[in-house]
Amino acid sequence: MCIALGDCVPHQLPQCFWQLAWSLFGNRSRSAFAIVTRNMDIGNTTAEPPGDGGSFCLPPFTLSRLPRLSDYLPSLPSLPNPIDRIPFYHPSDGFYIAPSDIILRNIYFDLSCPSLPSDRLIAYHRAGPRRTVHFDPAAVCAAIVTCGGLCPGLNTVIRELVVGLWEIYGVRNIFGVPSGYRGFYSADPVPLDPKMVDDWHKRGGTALATSRGGFDLRKIVEAIERHGFNQVYCIGGDGTMRGAVKIFEEIQHRKLYVSVTGIPKTVDNDIGIIDRSFGFQTAVEMAQQAINAAHVEAESAVNGIGLVKLMGRSTGHIALHATLSSRDVDCCLIPENDFYLEGKGGLFEFLDQRLKQNGHAVIVVAEGAGQDLIPRTDAQKEEKDESGNPVFLDVGAWLKSELKSWWELNRPGELFTVKYIDPTYMIRAVPANAMDNLYCTLLAHSAIHGVMAGYTGFVSGPVNGNYGYIPIEEVAIAKNLVNTKDHKWAWVRSVTNQPDFLKV
Ligand SMILES: Nc1ncnc2c1ncn2[C@@H]1O[C@H](COP(=O)(O)OP(=O)(O)OP(=O)(O)O)[C@@H](O)[C@H]1O
Ligand SMILES: O=P(O)(O)OC[C@H]1O[C@](O)(CO)[C@@H](O)[C@@H]1O
Ligand SMILES: [Mg+2]
């Protein structure tokens, strides 16, 4: 648990902190509280919880340093935020975010640990408009690019970048880069304005088009210079973020007056640090429709199995969340948890029991699960897509065929059917739902505020519900895997009663 205290005098902190903490949360022993003051004193206090009997000391938090254009361009213009002049906003006290406003990466701690690991004590700058900006709106030339696979909400982010830049900051030169990173050097930029993007949030896909591969750093940076772009918004997944890191580093190396920001996108929800990626909720909702259909098909057959393959290259978040929200699933297979088919504790034994009990069963499998079980040629082992991601074999089709062989061998002549549903692209090609649209708007506007304030090489995103600015390198390497040792996975197993697939 963490509390941010606004205007406390540091020496009064323990007293007022506990009063506030206790008024809010009551007597919860072993909760960790970080102390944050306006003058950037962070943590490092010893306080005794009333009635708890113990005392503890939180080490200081480390504020993750955000790159700024002023790191290498010392004489940038410093201008009042144009929001001051917009009648809708009336910026009041507390409207602008100060450099001392931070958010915490972790908000729970185990105080019984002898020393808290420093990588858990990280803080980030809070996202939002700053009092001064380092770009004159009239001189801004913004580029927006979408890379990697589709994800619900891509068009909303583009729309909100255009509308936010135009309406909030008065920027008039905004361009879409067609077809992903390769479009910087192989296509003409498309001018964008609010009228043109007006209904894009209602459309699936990306109106700018996307692609994999084609990352030629020299050509991309030369194109940025040639077109005069000074703000580059890269919307994409982990690969896109790694590419954005390289673009940012090269721009820094060349000392260019160009700010680069990443807006994390991935339907798989495999990007770390941020709470979740946009479009994920929408994808889970769509996945549930496929599970419903599989359940109806399975229930309506004799010894029916409904099999649904969902996206999730290296993570099973979609499968897990769709399973938990559906409650019709008998077994959820994800890449983070190996499984096996035959023998004691295997999938077949489990399904045999379920069919005897219920007459039907539903299996959800993430596309990256069980890949090591599927026989493949040497060429197939080496296959990669244009971005270098491994190409998977169809686990659903393989499982369907294995299930049929198993049944024919063990219960020949008895009725049995497997209905395989593959909604892979359907769950990501749809427009974002209401909550994802809202999320996309906040992401886009946070990114704009950070860029206008002169930050660069950063990603904006929600961390424990608060929007922050995170150095892009950190996001590019942070992976969000399903933790099969935590409560959520235990919850899946308790809902499905599926085996743990730990061979005994
Ligand atoms: N290490 C890297 N360095 C530079 N560019 C990269 C790197 N990895 C990927 N890219 C580029 O980023 C773009 C998108 O990468 P990729 O196809 O892996 O999708 P992604 O951004 O990870 O999104 P998703 O996985 O959600 O579909 C591609 O143009 C690819 O060439
Ligand atoms: O067929 P495509 O467009 O390469 O995308 C497939 C991949 O993209 C994702 O949707 C996102 O990375 C993965 O779940 C999936 O493996
Ligand atoms: Mg990726």
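Residues numbered from 1 in each chain as written. Chains lettered and ligands numbered in written order. Predicted model: local features only at pLDDT ≥ 70, side-chain atom pairs only at ≥ 80, totals over all residues. Heavy atoms only, no water.

We now examine the site of ligand 1. Close to ligand 1 lie 20 residues, the nearest being Gly149, Gly213, Asp238, Thr240 and Ser387. Within the contact set of ligand 1, a nitrogen atom lies 2.9 Å away from a side-chain nitrogen or oxygen of Lys246. Within the side chain of Asn389, one N or O atom sits 3.0 Å away from an oxygen atom of ligand 1. Across the complex, the protein chains shield 88% of the 630 Å² of accessible surface that ligand 1 would expose by itself. When residues of the shell around ligand 1 are assigned to their parent elements, the largest contribution, 6 residues, is made by helix 6 (residues 238-253). Residues belonging to the shell around ligand 1 are distributed by class as follows: 3 nonpolar, 11 polar and 6 charged. (Near = heavy atom within 4 Å. Polar contact = N/O pair within 3.5 Å; in protein donor to acceptor, adjacent residues only side chain to side chain. Areas by Shrake-Rupley, 256 points an atom, 1.4 Å probe, with all protein chains shown as cover. Helix = DSSP H or I, 4+ residues; strand = E, 2+ residues; numbered from the N terminus. Nonpolar A, V, L, I, M, F, W, Y, C, P; charged D, E, K, R; others polar.)

This part takes up the packing of aromatic side chains. Counted according to the given criterion, the structure contains 17 aromatic pairs. Between Phe184 and Phe229 the ring centres are 6.5 Å apart and the planes differ by 70°, which places this aromatic pair in the edge-to-face class. Of this pair, Phe184 sits in helix 3 (residues 183-186) while Phe229 sits in the loop between helix 5 (217-227) and strand 11 (231-236), and the two are 45 residues apart along the sequence. One exposure class covers both Phe184 and Phe229, and it is buried. Plain terms: the ring middles of Phe458 and Tyr469 are 4.8 Å apart, the flat faces sit at 65° to each other, and that makes the pair edge-to-face. (Phe/Tyr/Trp six-rings, centres within 6.5 Å; stacked < 30°, edge-to-face > 60°. Buried < 20%, exposed > 50% of the residue type's maximum accessible area, 1.4 Å probe, protein only.)

Here we take up the environment of Arg226. For Arg226, the position within the fold is in helix 5. For Arg226, a relative accessible area of 56% gives the class exposed. For the pair formed by Arg226 and Tyr185, sequence separation is 41 residues and the distance between their alpha carbons is 9.8 Å.

According to UniProt, the "binding site: substrate" (unreviewed entry) feature falls on Thr266, Val267, Asp268, Met311, Gly312, Arg313, Glu367, Tyr425, Met426, Ile427 and Arg428. Taken from the residues named earlier, the lining of the largest pocket is made up of Thr266, Val267, Asp268, Met311, Arg313, Glu367, Tyr425 and Arg428. Following the sequence through the fold, Arg313 ends up in the loop between strand 13 (304-310) and helix 8 (317-326). Look at Arg313 and you get partly exposed, because its relative accessible area is 25%. When residues no more than four places from it in sequence are discounted, the contact partners of Arg313 are Arg212, Asp268, Pro335, Glu367, Gly368, Asp385, Asn389, Pro390 and Phe392. Here Glu367 is in contact with Lys309, Leu310, Met311, Gly312, Arg313, Phe392 and Val395, once residues within four sequence places are set aside. (UniProt positions renumbered as here; feature names shortened; annotations may be inferred. 1 Å grid on protein atoms, 1.4 Å probe; cavity = no way out; pocket = protein on both sides within 12 Å on 5 of 7 lines; lining within 4 Å. Contact = heavy atoms within 4.5 Å.)

Attention now goes to helix 12 (residues 434-452). For helix 12, which comprises 19 residues, the first-to-last C-alpha distance of 27 Å matches the rise-based estimate of 27 Å (1.5 Å per residue) to within 8%. Of all 19 residues in helix 12, 14 are buried; the element is thus mostly enclosed. Regarding helix 12, its N-cap is Asn433, as a side-chain oxygen of that residue lies 3.2 Å from the backbone nitrogen of Met435 further along. The first or second residue beyond helix 12 is Gly454, which carries a positive phi of 95°. (Expected span 1.5 Å × (residues − 1).)

Here we take up the UniProt feature "active site" (unreviewed entry) in the protein chain. Under the local residue numbering, the UniProt record ascribes the feature "active site" (unreviewed entry) to Asp268. According to the relative accessible area criterion, Asp268 is buried, its value standing at 8%. In contact with Asp268, not counting residues within four places along its chain, are Met311, Gly312, Arg313, Thr315, His317 and Ile318.

For the rest of this paragraph, the subject is the pattern of salt bridges. The final tally for this structure, using the stated rule, is 21 salt bridges. Across the salt bridge formed by Glu222 and Arg218, the nearest N and O atoms sit 3.3 Å from each other. Of this pair, Glu222 and Arg218 both sit in helix 5, 4 residues apart, which is roughly one turn of that helix. Given the relative accessible area of 33%, Glu222 is considered partly exposed. A salt bridge links Asp352 to Arg411; the shortest N-O distance between them is 2.8 Å. (Salt bridge = Lys/Arg side-chain N within 4 Å of Asp/Glu carboxyl O.)

In this model, helix 2 (residues 154-169) (16 residues) spans 22 Å end to end at C-alpha, consistent with the 22 Å of a helix rising 1.5 Å per residue. Burial analysis of helix 2 places 14 of its 16 residues in the buried class, which makes it a mostly covered element. Note on helix 2: the residue one or two positions beyond its end, Gly170, has a positive phi of about 75°.

What follows is about the packing of helix 8 against helix 14 (residues 487-496). It is at 10 Å that the axes of helix 8 and helix 14 come closest, and there the two elements cross at 50°. The orientation of helix 8 with respect to helix 14, classified from their angle, is oblique. Considering only the axes of helix 8 and helix 14, their crossing is left-handed. Each of Leu320, His321, Thr323 and Leu324 in helix 8 lies in contact with helix 14, whose residues at this interface are Lys488, Trp489, Trp491, Val492, Val495 and Thr496. Split by residue class, the contact of helix 8 with helix 14 holds 6 nonpolar, 3 polar and 1 charged. (Axes fitted to C-alpha atoms, helices over the stretch in contact; angles between N-to-C directions. Parallel < 35°, antiparallel > 145°, perpendicular 65-115°, else oblique. Left-handed = near helix turned anticlockwise from the far one by under 90°.)

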